[in-house]
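Each chain is listed here by its residues.
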Amino acid sequence: MPVAAPHEPTPGRPFFAPIENPLERFEQECKANLMELSLTSNPDESAQQLAAILSTLPDGEMFVQDHPSLRSLVQAASVSREIRWSTQGRPREVAQATVTLAEALVAQTGSIFVSAACGGRGASVVAPCHIVFATTDQLVPDLKTALDNATRNGILANNSFACMISGSSRTADIEKILVQGAHGPIRLAVILERS
Amino acid sequence: MSAPATRVPPAEGASAHDHPQSANPETQFRHDAAVKSADLVHREIIRKNMESYDVGHMKGRSRFLDWEAAREACQAIKREAINHLDKYLLQFEENVTARGGHVFWAANSEEARKYIADLAVKHAVKTVVKSKSMVTEEIELSAALEKVGCTVWETDLGEYIVQLRHEPPYHIVTPAMHLNRTQIAELFRDKLGEPDLPEDPQKLVAAARRKLRKAFFAAEMGISGANFLVADVGAVAISTNEGNGRLTTSLPRIHVAVTGIEKVIPRLENLATLWPVLATSGTGQPVTTYGTLVGGARRAGEVDGPEEFHVVLVDNGRSSLLGHPEEREVLHCIRCGACLNICPVYRHIGGHTYGTTYPGPIGAVLTPHLRGRQFEHLSYATSLCGACTTVCPVKIDLHHHLLHNRRDFMKAGHGKTGERLQFRLWRAAMLNPKLYAMGGWLTRKGLRAIYGLGLSGSPFDPLRAWNRKRSTLPVARQSFREQWRKGLGNGR
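Residues numbered from 1 in each chain as written. Chains lettered and ligands numbered in written order. Predicted model: local features only at pLDDT ≥ 70, side-chain atom pairs only at ≥ 80, totals over all residues. Heavy atoms only, no water.

1. Regarding the pattern of salt bridges
Alright, step 1. What the rule picks out here adds up to 31 salt bridges over all chains.
Alright, step 2. Note that B:Glu269 is salt-bridged to B:Arg267, the shortest N-O span being 3.6 Å.
Alright, step 3. Given the relative accessible area of 23%, B:Glu269 is considered partly exposed.
Alright, step 4. If you follow the salt bridges from partner to partner, you end up with A:Lys144, A:Asp148, B:Arg267 and B:Glu269 in one network. (Salt bridge = Lys/Arg side-chain N within 4 Å of Asp/Glu carboxyl O. Buried < 20%, exposed > 50% of the residue type's maximum accessible area, 1.4 Å probe, protein only.)

2. Observations concerning the packing of helix 2 (residues 40-62) of chain B against helix 12 (residues 271-282) of chain B
Residues and elements named next belong to chain B.
Alright, step 1. Where helix 2 contacts helix 12, the two axes come as close as 8 Å, and the packing angle between them is 150 degrees. One finds that helix 2 runs roughly antiparallel with respect to helix 12. Taking contact as the criterion, the partners of Tyr53, His57, Gly60 and Arg61 in helix 2 are, on helix 12, Thr280, Ser281 and Gly282.
Alright, step 2. Taken together, the residues of the contact of helix 2 with helix 12 break down into 1 nonpolar, 5 polar and 1 charged. (Axes fitted to C-alpha atoms, helices over the stretch in contact; angles between N-to-C directions. Helix = DSSP H or I, 4+ residues; strand = E, 2+ residues; numbered from the N terminus. Parallel < 35°, antiparallel > 145°, perpendicular 65-115°, else oblique. Contact = heavy atoms within 4.5 Å. Nonpolar A, V, L, I, M, F, W, Y, C, P; charged D, E, K, R; others polar.)

3. Looking at the confidence of the model for chain B
When pLDDT is low, close inspection of the predicted coordinates is not appropriate.
All names here are of chain B.
Alright, step 1. With 95% of its residues at a pLDDT of at least 70, chain B reaches an overall mean of 93.
Alright, step 2. Predicted confidence for residues 5-20 stays below pLDDT 50, and this span has 36 contacts to residues more than four positions away or in other chains.
Alright, step 3. Both scores are available for the predicted complex, with the pTM at 0.91 and the ipTM at 0.94. (pLDDT = per-residue confidence, 0-100.)

4. Regarding the side chain of B:His255
Residues and elements named next belong to chain B.
Alright, step 1. Within the secondary structure layout, His255 lies in strand 7 (residues 254-260).
Alright, step 2. Note on His255: relative accessible area 0%, which makes it buried.
Alright, step 3. A polar atom in the side chain of His255 sits 2.8 Å from the side chain of Ser224.
Alright, step 4. Once you skip the residues sitting within four places of it in the chain, His255 turns out to touch Gly222, Ser224, Thr249, Val294, Pro306, Glu308, Phe309 and His310. (Polar contact = N/O pair within 3.5 Å; in protein donor to acceptor, adjacent residues only side chain to side chain.)

5. So, the sheet that holds strand 8 (residues 139-140) of chain A
Alright, step 1. The 8 strands are arranged 8(A)-5(A)-6(A)-9(A)-9(B)-6(B)-5(B)-8(B) in an open sheet whose pairing can be described as mixed. Sheet topology places strand 8 of chain A together with strand 8 (264-265) of chain B at the edges, where each strand pairs with a single neighbour.
Alright, step 2. When strand 6 (residues 111-115) of chain A meets strand 9 (residues 161-165) of chain A, the two strands line up antiparallel, connected through 4 bridges. Along strand 9 of chain A, the bridge assignment pairs A:Phe113 with A:Met164. (Pairing = 2+ DSSP bridges.)

6. Side note on the sheet that holds strand 2 (residues 62-64) of chain A
Picture the strands of a sheet paired through backbone hydrogen bonds; they go either parallel or antiparallel.
Residue and element names in this part refer to chain A.
Alright, step 1. The sheet built from 6 strands is open, its strands ordered 1-12-7-4-2-3 with parallel pairing. Strands with a single pairing partner mark the edges of an open sheet, and in this sheet they are strand 1 (36-40) and strand 3 (83-85). Along the sheet, successive strands turn relative to each other by an average axial angle of 20 degrees, direction set aside.
Alright, step 2. Inspection of the sheet shows strand 1 paired to strand 12 (residues 187-193) by 5 bridges, in the parallel sense. Within strand 12, the position partnered with Ser38 by the bridge is Ile191.
Alright, step 3. Across the face of the sheet, helix 1 (residues 22-32) comes into contact with strand 1 and strand 12 while running at roughly 150 degrees to strand 1.
Alright, step 4. Sheet contacts for helix 3 (residues 68-76): strand 2, strand 3, strand 4 (97-100) and strand 7 (129-135); angle to strand 3, the most-contacted strand, approximately 175 degrees.

Structure representation (structure tokens):
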């Protein structure tokens, strides 16, 4: 009988149900997390979605991760507001929205996994609205896969920061009543383009 | 920006959490427990909060295919970590320092406070923002930073509320659980300069956000705790919902993470188990909103982040607990608060009554080890119902550890003389049926006489502790032996 190395925890029974359809589960979990999810089929639709989200926000600066895919998305969305690119420095307090990419999306918990490479640390927390642009091939079924991949790809060897984000900022410190937008974004919107 | 209210500084040689009214923690505990359990407003607030937690927690558990298997997996991870603590802590340190971070090993509170206060002085820090950390409460960090001229802002909403009230946290997860919206609205109107604030949680949260935003952008130092220290990647893992932990570790020039040595875990993938179980046990959520991982200061090419990253690893009695083969599993605790929430004692006497940083069953087990024998009375502040053990996500045998603490306490000769004498008499009676029967007869006769004279609950009543606040405990007409002889054993 093979004996596990003494420092290895004994492998146990599975405790999460297997995820049959990651996309469907991701949609469900986003809803439960009070996130906004728009599933798009091509870059034009994604740009339209971005424009639609931005049209609901007050006037003001927008912070965008400086990446070719986001440059073309912003251009296609014909954004008229002032843009501060991540290469110009960290997001300012006046920013109304931030737009970033993600390292991965997790179906099990409806999470967005970001690292410092996704526009920095403040990009996902300073502005009242965080918009994430991702593609369906970034979707992984569960936390274990996401974290295994992060270890394998050296996400924390290459970045000083990473974060598993599962919804907008919130608190229930007053009488256990849920209030969104405690210190970070009140809205977390995901534009998910089919690969 | 006006300075936030600070907590009352501790008296010389006392902890900030020792109540000033009595030098003896046990006397104070007995007094506060009696007062709190009779406070109906407090009981109503706690009942409402705990019922809301119970619903969320059970709903959260139903998301698991096998909750018991998840608990076993968490237990295995923590056991592995604690049994090889030296190896994983060194691996963590090596990974952090290889990337330019600093790791300071603090043997006690004083060393930890001094390191951080010196750092604040060296960098001319005026404003400090803190995200929630029970270890910084344990080492009484805020008062030390204020002494060197810093203004310290608690940024977790619950912590901010109790800071404004000059109080320690009431609960390790929800620090302001003992207050309702009316009390919080009154506090904010008074302290935040917003006299028209309504009793609306949304508006109250927004008011705190406005105030604390300014502190975040002004602060030179951010102090966080850590839920886990991930050895294989050398990162600190911080779970928060509000995002204050994110801002604390992103905006200030210096980030200091302060935590206990027992928080280390072997591998990043362990979080796939620990994150959901911690959140489910803490609040009933599937995961906390932000599972933040910080491995160092801002790197070349990164947009933002602090210039310096320090991790302060606090021992403060933990390694002596590690040397205790029976009790070391207490170090498995992930501070989810589930044992507090389910405890019938906590639900009646509340968090502040314990007079300790960590209240509830885990506090009752841990505090005598961390702070000494004067907290041994907490091992008796239990009904021994074992509910805490059934909910602990890392399967710590909490109620048996309370018994172990009692046993060790008595063995070390610390019991009260009267109590020892009573147990000796009890032992003698149990070994001698005639003596036992006579004792029972005398007790029944005596009690009936006392009750008959209307002295129930008076200082003459041996059952005064029970009878003075409850309806009189009835006395059986016949002893159990008599009833048995008359056929009780035959079902008659």
